[in-house]
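# Reading the structure
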Amino acid sequence: MEFTQVITDRFSCKKYDGRKIDKDVLQTILDAGRLAPTAKNLQEQKVYVLESADALAKFDSLCPCRYNAGTVLIVAYDKNNVFVYPGEQRDSGIEDATIVATHLLLAAKNAGVDSCWVNFFDPAKLAKALGLPENEEILMALDLGYAAPGAGPLPNHGSRKSLTETVQYI
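Anyway, here's the lowdown on the structure attached to this text. (Residues numbered from 1 in each chain as written. Predicted model: local features only at pLDDT ≥ 70, side-chain atom pairs only at ≥ 80, totals over all residues. Heavy atoms only, no water.)

When you go through the protein chain residue by residue, the secondary structure sums to six helices and four strands. A compact globule built from 170 residues would reach a C-alpha radius of gyration of about 15 Å, and the protein chain, at 17 Å, matches this within 12%. Expressed as lengths along the three principal axes of its C-alpha atoms, the size of the protein chain is roughly 50 × 45 × 30 Å. Going through the 170 residues of the protein chain one by one, you find that 38% of them count as buried. Considering only residue pairs separated by 6 or more positions, the protein chain has 79% of its internal contacts joining residues 24 or more positions apart. Working note: accessible area of the protein chain is about 9900 Å², and carbon and sulfur atoms make up 54% of it. Taking the average place of the 18 positive charges on the side chains of the protein chain and the average place of its 22 negative ones, the gap between the two points comes to 4 Å. (Helix = DSSP H or I, 4+ residues; strand = E, 2+ residues; numbered from the N terminus. Rg over C-alpha atoms; globule rule 2.2 N^0.38 Å. Buried < 20%, exposed > 50% of the residue type's maximum accessible area, 1.4 Å probe, protein only. Contact = heavy atoms within 4.5 Å. Areas by Shrake-Rupley, 256 points an atom, 1.4 Å probe, with all protein chains shown as cover. Lys, Arg positive; Asp, Glu negative; His and termini not counted. Charge placed at Lys NZ, Arg CZ, Asp CG, Glu CD.)

Moving on: the packing of helix H2 (residues 23-34) against helix H4 (residues 93-110). For the pair H2 and H4, the least separation of the axes is 7 Å and the interaxial angle reads 150°. By the angle between their directions, the pair H2 and H4 is classed as roughly antiparallel. Judged by the twist between their axes, the crossing of H2 over H4 is right-handed. In contact with Ile29, Leu30, Ala32 and Gly33 of H2, H4 contributes Val100, His103, Leu104, Ala107 and Ala108. Looking at the contact of H2 with H4, its residues break down into seven nonpolar, two polar and no charged. (Axes fitted to C-alpha atoms, helices over the stretch in contact; angles between N-to-C directions. Parallel < 35°, antiparallel > 145°, perpendicular 65-115°, else oblique. Left-handed = near helix turned anticlockwise from the far one by under 90°. Nonpolar A, V, L, I, M, F, W, Y, C, P; charged D, E, K, R; others polar.)

Our focus in this paragraph is the packing of aromatic side chains. Counting across every chain of the model gives two aromatic pairs. Measuring from ring centre to ring centre gives 5.4 Å for Phe83 and Tyr85, while their planes differ by 80°; the resulting arrangement is edge-to-face. Note on Phe83: relative accessible area 26%, which makes it partly exposed. Here Arg19 stacks its cationic end above the ring of Tyr146, 4.2 Å away from the centre of that ring. (Phe/Tyr/Trp six-rings, centres within 6.5 Å; stacked < 30°, edge-to-face > 60°. Lys NZ or Arg CZ within 6 Å of the ring centre and 35° of its normal.)

Turning our attention to H2. Here H2 is 12 residues long and its end C-alpha atoms lie 16 Å apart, about the 16 Å a rise of 1.5 Å per residue gives. Turning to H2, its buried residues number three or more, namely Leu26, Ile29, Ala32 and Gly33. Buried residues in H2, looked at end-on, bunch into an arc of 115°, giving them a common side. Away from its buried face, by an angle of more than 90 degrees, H2 presents the exposed residues Lys23 and Asp24. Where H2 begins, one side-chain oxygen reaches toward the backbone nitrogen of Asp24, 3.0 Å away; that side chain belongs to Asp22. (Expected span 1.5 Å × (residues − 1). Arc of directions from axis to C-beta. Polar contact = N/O pair within 3.5 Å; in protein donor to acceptor, adjacent residues only side chain to side chain.)

One finds Phe59, Ile74 and Ile138 to be the most contacted residues of the largest nonpolar core, which totals 21 residues. Elements with a contribution of two residues or more to this core: helix H3 (53-62), strand S2 (71-78), strand S3 (114-118), helix H5 (123-130) and strand S4 (136-145). Setting aside residues no more than four positions away along its own chain, Phe59 makes contact with Leu50, Arg66, Val72, Ile74, Leu126, Ala141 and Asp143. Core analysis: the next-biggest nonpolar cluster, separate from the first, contains 20 residues, Ala101, Leu104, Leu142 and Leu144 among them. (Core = buried A, V, L, I, M, F, W, Y, C linked by side-chain atoms within 4.5 Å.)

Right, let's get into a nonpolar patch on the surface. Residues Leu163, Val167 and Tyr169 make up a contiguous nonpolar surface patch of about 410 Å² in total accessible area. Position of Tyr169 among the secondary structure elements: in the segment after helix H6 (163-166). Residue classification places Tyr169 among the exposed residues on the basis of a relative accessible area of 80%. (Patch = residues over 30% accessible without salt bridge, like charges linked within 9 Å, V, L, I, M, F, W, Y side chains within 5 Å. Salt bridge = Lys/Arg side-chain N within 4 Å of Asp/Glu carboxyl O.)

Bringing the side chain of Asp114 into the picture now. Residue placement: Asp114 occurs in strand S3. With sequence-adjacent residues up to four places away left out, Asp114 is seen in contact with Phe11, Cys13, Tyr16, Lys109, Asp143, Leu144, Gly145, Tyr146 and Ala147.

Once that is clear, we can look at the pairing of S2. S2 sits mainly inside the fold: eight of its eight residues count as buried. Neither face of S2 is open: one carries Thr71, Leu73, Val75 and Tyr77, the other Val72, Ile74, Ala76 and Asp78, and all of them are buried. Across six bridges, the pairing between strand S1 (residues 45-50) and S2 is antiparallel. Counted as the bridge partner of Leu50 is Val72 from S2. (Pairing = 2+ DSSP bridges.)

This is the structure in structure tokens:
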């Protein structure tokens, strides 16, 4: 699919048909995340694939936003392997994990898979429930699957501010 079409057509799916993603398709999506740029190429991201009934039940117990997706990706990062920026006020963890997550959701759309970026959960509780290492911080969850009949973008999906409202040349 042409990139402009991918970013135009992608929407946050809130109703899936429950099917799991083919392993080859999932691998293609995961590879896109692996190829995402990270500060100093530290590649501190960790992506967890939730597909088992047990893992999805743990997710569902802490988050009401799976929408019957057959697969959920948890994107986290290793807090001990980040680049600290000059001034020591910020580090690259959240930014790098966000770039990885964005690659994942755009690759999903390109592969014909719908997605929804989810943050409606307590990251610490979810990390504990999934048994993630203490040095990792969850950034977000990404529902993946195939839209159920009648699913579509929210009514305001196509509403965007003009560039004159969001861009300024200096």
